[in-house]
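Structural description and commentary
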Amino acid sequence: MSGLKGLIHSIEAFGTVDGPGVRMVLFLAGCPMKCLFCHNPEIAAGDEGQFYTPQQVLDRYNKNKFFYQAGGLTFSGGEPLLQGEFVSQCVRLLKENKVHVAMDTSLCCGEQWVEGLIPGVDLWMVSIKAATAEMHQKLTGQSNAAIIMNNIISLNRSQVKMLIRYVIIPGYTDDEKELSKLAEFIKTLPFVPPLELLAYHTMGVHKWRNLDLIYCLAGVPDATEQDVERAREILRVNGISDFVLCYRNQG
Amino acid sequence: MGLKTCLEKSENLRYLRHEFKSGAWEKAIDVRSFIQANYTPYVGGDLFLKSATIRTKKLWEKCSNLIMEEYKRGGVYDIDTKTIASITAHAPGYLDKKNEIVVGLQTDTPLKRAINPWGGINTVETSCQEYGYQLDDEVKEIFSKYRRTHNDGVFRAYTETMKLMRKTGILTGLPDAYGRGRIIGDYRRVALYGVDRLIAERREQLESDALQKINPDTIQLREEISNQIDALNELKEMARSYGFDISGPAYTAKEAVQWLYFAYLGAIKEQNGAAMSLGRVSTFLDIYLERDLAIGAITEEAAQELIDDFVIKLRLARQLRTREYNALFAGDPMWITESIGGMGADGRSLVTKTSFRFLQTLRNLGPASEPNLTVLWSNDLPQKFKEFCAQLSIETSAIQYENDDLMLPVYGDDYVISCCVSAMRAGLETQYFGARSNLPKALLFTLNGGVDEMTGLKVAPEFYKAQPGQVLNYDIVRTAFDKTLDWLTEQYVSTMNLIHYMHDKYAYEKLEMALHDVNPHIYMAFGIAGLSVVADSFSAIKYAKVVPVFGENGLIQDFKTDGEFPCFGNDDDRVDDIAKEIVADFAVKLRKNPTYRNAEHTLSILTITSNVVYGKKTGTTPCGRQKGEPFAPGANPMHQRDVSGVLASLNSVSKVDYKYAKDGVSYTLSATPQCLGKTDNSRCQNLVSLLDGQFNVGGQHLNVNVMNRETLVEAMKNPEQFPQLTIRVSGYAVNFIKLTEEQQREVLNRTFFHNGFDN
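Notes on the structure in this doc start here. Given the structure is predicted, the values throughout are model-derived calculations rather than measurements.

All right, on to the packing of aromatic side chains then. Residues and elements named next belong to chain B. For the structure on display, the rule yields 36 aromatic pairs over all chains. Ring centres of Tyr492 and Phe586 lie 6.4 Å apart, and the angle between their planes is 50 degrees; on these two criteria the pair is classed as tilted. Of this pair, Tyr492 sits in helix H21 (residues 474–506) while Phe586 sits in helix H24 (residues 573–591); the two residues are 94 residues apart in sequence, bridging distant segments of the chain. Geometry around Phe48 places Lys353 over its ring, the cationic atom sitting 4.8 Å from the centre. One residue, Arg478, lies across the ring of Phe538, its end atom 5.7 Å from the ring centre.

Glancing now at the packing of helix H17 (residues 353–364) of chain B against helix H18 (residues 383–396) of chain B. Residue and element names in this part refer to chain B. The contact between H17 and H18 brings their axes to 10 Å, and the two run at 20 degrees. Regarding the angle of H17 to H18, the classification is roughly parallel. As for how H17 packs across H18, the hand of that crossing is left-handed. Together, Ser355, Phe356, Leu359, Gln360, Leu362 and Arg363 of H17 and Lys384, Phe385, Phe388, Cys389, Gln391, Leu392, Glu395 and Thr396 of H18 make up the contact between the two elements. Residue composition of the contact of H17 with H18, grouped by class: seven nonpolar, four polar and three charged.

Residue Gly77 of chain A is joined to Gly78 of chain A through a cis peptide bond whose omega torsion reads 20 degrees. By secondary structure assignment, the location of Gly78 of chain A is in the loop between strand S4 (72–77) and helix H3 (84–96). Cis geometry marks the peptide bond from Glu370 of chain B to Pro371 of chain B, where omega comes out at -10 degrees. Considering the arrangement of structural elements, one finds Pro371 of chain B in the loop between H17 and strand S5 (372–377). Of note in the backbone geometry, Leu111 of chain B takes a positive phi value of approximately 70 degrees without being a glycine. As for its placement among the helices and strands, Leu111 of chain B is situated in the loop between strand S1 (78–84) and strand S2 (112–115). Accessibility expressed as a relative area gives 3% for Leu111 of chain B, which makes it buried. Although it is not a glycine, Arg182 of chain B adopts a positive phi angle of roughly 70 degrees. Among the structural elements, Arg182 of chain B can be located in the loop between strand S3 (171–172) and helix H10 (188–193).

Moving on: the environment of Asp332 of chain B. All names here are of chain B. In this structure, Asp332 sits in the loop between helix H16 (323–328) and strand S4 (337–341). The class for Asp332 is buried, based on a relative accessible area of 17%. Excluding anything up to four places from it in sequence, Asp332 contacts Gly75, Arg113, Arg318, Gln319 and Lys738. Side-chain polar atoms of Asp332 contact the side chain of Arg113, separated by 2.6 Å.

The rules behind these values
Residues numbered from 1 in each chain as written. Chains lettered and ligands numbered in written order. Predicted model: local features only at pLDDT ≥ 70, side-chain atom pairs only at ≥ 80, totals over all residues. Heavy atoms only, no water. Phe/Tyr/Trp six-rings, centres within 6.5 Å; stacked < 30°, edge-to-face > 60°. Helix = DSSP H or I, 4+ residues; strand = E, 2+ residues; numbered from the N terminus. Lys NZ or Arg CZ within 6 Å of the ring centre and 35° of its normal. Axes fitted to C-alpha atoms, helices over the stretch in contact; angles between N-to-C directions. Parallel < 35°, antiparallel > 145°, perpendicular 65-115°, else oblique. Left-handed = near helix turned anticlockwise from the far one by under 90°. Contact = heavy atoms within 4.5 Å. Nonpolar A, V, L, I, M, F, W, Y, C, P; charged D, E, K, R; others polar. Buried < 20%, exposed > 50% of the residue type's maximum accessible area, 1.4 Å probe, protein only. Polar contact = N/O pair within 3.5 Å; in protein donor to acceptor, adjacent residues only side chain to side chain.

Here it is in structure tokens:
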């Protein structure tokens, strides 16, 4: 177990936007999805970072643990579950040390990781990139929408604490069709989780340029507070009432 | 109603006092015992608080206009150039007599400044001239011909070395031309006991056996006590001029506030000390307020109005300063520090409703730099109080926090913070202020063989001399620096001994000392400026290759640095340990030198805003800081060099060992609202976590600024649109627009944390 290492792109020691309270946020390198609106393409690329053992992660956490008393640790990325074995071992160790663990994931991963993590993860923050299969394909380049939805359903059935995150991208994810489909999906879940709407922003665009990549959403404006409100209203009409009430830029 | 009328009849007032639980406070002067026996801890939230009444709003509007007018007049509204300051010198002054609840001004007109020549006549004359006034000839004659000032006394006795140290700025901000300050009278005593009881106690002391044997010490003390009795009588006289008899104790809450304020007012009329702090009054006053509320004599609205009015008075306090002084201590500060909260030795929190009421003034009157609201933070404080403080910090950037869990074991549960970070037991201990020494310059002295790099003057002995073209060797330079510190600490203690001897002789704080025990424990508070600069410089010498570049005058002008080196503020032990070691060494060296009146040596890492002036007077340092560039404030890492996030920055500073710097280790944090979280509620909670964390890891002090740099830029462009923009600089808050442009730029250059990234 001690030999296994995970590739961590970066660590935010004073994370205040990814889960409750002040948290240490681990950004794990690599992501199987190729989201057009990704604001951390350098993390998703998965070719840079530093290797940590689970014990080193815990040591790093403990160094600042007094700041995390009302918070904890969040696995983010990239897609943390791409390094499922490492994350599972970390979570086990963290749990032994009574650390509050949040998982910021797209659940784009094999089922086995999800099941194994259920006892150790205190909060699942699951991003749904798009509600319809077509839009999912268009935005992420993946045809795995069904797998993801299934992961969400089986996780939800286990009565874990869960939060759905969804980015409002003007012209893509904010129309009636997408939103009503999203509402429909959430409502069918056995234990309806709260929904956090994030506003799309273009602050990560320069990173694509730095990586010599073409940013396909060029020209799409930042979602405004009004855009988010409008989406919320559509969702409300479609029967969603439990929102995490905050306005925040995606990422 | 019946009860209220009852309260107004004086024959029933004495009865009210019987409502208080008895204790040691009845037999001896012991305010703490009164508080412990009678206060009511409050664990609830802020919902009970009331906003400002119409009367308060009108009164504050009047003040705001006066303060804006003062700003437009170049910083001084008016000066009384004739009347020599004393407790009774000025006729009563009012802001709006019929609408004031608490009365008393320093002079006969709001914001009019008095002259206080006891510290130094030249200082007074210069400050008058700088603001376009002419000091009265007679006053000048008195203090030039017939009465020696503190300043004159000091300069008659200074050695040549001391003068050189002062001139080159290795010691700066020494209280040798103005009141030393930092002394806090226990102003609560006047409210609790009345002045006559305090006079009687002093008379008993004069008759005590210990003071019958005559030697230089008892002579000095006997004279001081008799001066203290004079001051107490003058205090009564001053109160009488406002129509109050304060010979007996205060009975109602309104009286308690008024009595206490008169005591503080007497002190700031008599003295122009650099820091004239208030103490720890809110929980004391709460006992009276809660009692009056309980019997229905006042409403919550009236209780808040009383505190609001008191704070309005405090916000009008002023001293006349020179521009040179303002450069060191920018923004016209008074350091009317009020310590709020903290825990009791018995485990009960000292937070009361009046702790909330004091902080509420930031909302009712808007943000302000004074009083210097200082929250004594403990892990065990009630959660709702913590949240209220954090919320107000986010709204106003006007609060500082200090570690009660660290200080309570040292100072007990009735200590006060003086100035910025200096703790002492209220009324039982006092402090001799000693400004600070410039350690980056001490390093440059070392490298230049004891010669000042800016003036070419030979000041220190030569222990070493860097050679052209030669890489600096860490061990050799560090050893030589150690010798320079031996010399520096010896000179520093001597200088302080001299200054405080003269201050006692020519500008003794008779009222403030009358509100102490007769023989208080005394701290002599030394200071270090430029800790992060000197630590980074040694780090550069140790981990990179540093070669000095000499100028034509044979002195080092610059350094050529090859390679990387760790900087203080990144939680890197390689450099943090250097900072830690220097602080410990300096403290130990100071203690080797005996002090005036056997004061206990203490040390702070605090600069006020003198970090700008210190920087100006200091040549290029091996860390890459250019000649003239400001130091970081207090114990802060150098601007923009703490690149590893907020926690790493805090952790580095917390490594400075409190036991060597018991006079405080100041850290000023600037973070954007976004750094703290995405919603108002999460920002508030996360700031609470930040404070809990910082003080759990042993930090002593945290100034919290929550703002965007853009706001400050905007305020520089349009100052009149930001009359109350407040920012914490280094142990105190300033009204941003009152800073000089140079100081404003220094604030802008500070590290602002935008997010929580650590690598």
